[in-house]
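Now for the letters of each chain:
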Amino acid sequence: MRKAFARSVVGFAKKALGSSDFISTCAEIGIDGLILPDVPYEEKEEFLPLCRRYGVDLISLIAPTSENRIAMIAKEAEGFLYIVSSLGVTGMRSEIKTDLASIIQVVRENTGIPCAIGFGISTPEQAKNMAALSDGAIVGSAIVKLLEKHGKEVPSFIGEYVKSMKDAIR
């Protein structure tokens, strides 16, 4: 799966660099795709032409509330689709109750690009379950928590953690 830069950059891009300079810089440094969680599907046109000009995929998100928009979003998606596992804010969850199989089914009927599930994935078992449904699992908050806990000593902890997640989905 392609690298994706996962950060809300809408305000930053406009204020600091401007959208065009930001996205061209992303391309120059090797970023393949951008996840802009604050940009709904209906407002992607502000960034999509720039992303295409510089060869950076604008990664679409599908949330549990997307319902009648899933097919439309999937048909136009680039890079991969980020399937949001749960409602609420990002962070680790003890269980995921969303009917992800139904969402994935609609996605598969409308696109051939990969899709991965994220938002609350923090254990090897969760990663295995999400990868069994989709093409992968996205883990973010759990890694940030390791960084907060271990500071400069974090590389080996993140390495062990990522290895446990990879081992679980193989």
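Summary of the structure given here. (Residues numbered from 1 in each chain as written. Predicted model: local features only at pLDDT ≥ 70, side-chain atom pairs only at ≥ 80, totals over all residues. Heavy atoms only, no water.)

Let's talk about the overall build of the protein chain
Here is step 1: The helix and strand tally for the protein chain stands at eight helices and six strands.
Here is step 2: Sequence-ordered secondary structure for the protein chain, helices as α and strands as β, is β-α-α-β-α-β-α-β-α-β-α-β-α-α.
Here is step 3: Scored against the burial criterion, the 170 residues of the protein chain give a buried share of 42%.
Here is step 4: The contacts of the protein chain with a sequence gap of at least 6 include a subset with a gap of at least 24, amounting to 59%.
Here is step 5: Carbon and sulfur atoms provide 54% of the accessible area of the protein chain, an area that totals close to 9500 Å². (Helix = DSSP H or I, 4+ residues; strand = E, 2+ residues; numbered from the N terminus. Buried < 20%, exposed > 50% of the residue type's maximum accessible area, 1.4 Å probe, protein only. Contact = heavy atoms within 4.5 Å. Areas by Shrake-Rupley, 256 points an atom, 1.4 Å probe, with all protein chains shown as cover.)

Side note on helix α2 (residues 19-28)
Here is step 1: Along α2, the positions that sit buried rather than exposed are Ser-19, Phe-22, Ile-23, Ser-24 and Cys-26.
Here is step 2: Looking at the residues trailing α2, positive phi occurs at Gly-30, about 95°.

Describing the pairing of strand β4 (residues 81-84)
Here is step 1: Where burial is concerned, the two faces of β4 agree: the one with Leu-81 and Ile-83 and the one with Tyr-82 and Val-84 are both buried.
Here is step 2: Note that strand β3 (residues 57-62) and β4 share three bridges and pair parallel. Within the sheet, the bridge partner assigned to Leu-61 lies in β4 and is Tyr-82.
Here is step 3: One crossover worth recording links β3 to the parallel β4 by way of helix α4 (residues 70-76), and it is right-handed.
Here is step 4: Pairing of β4 with strand β5 (residues 115-118), which is carried by four bridges, proceeds in the parallel orientation. Its bridge partner lying in β5, Leu-81 is registered against Cys-115. (Pairing = 2+ DSSP bridges. Right-handed = clockwise from strand over helix to strand, strands pointing away.)

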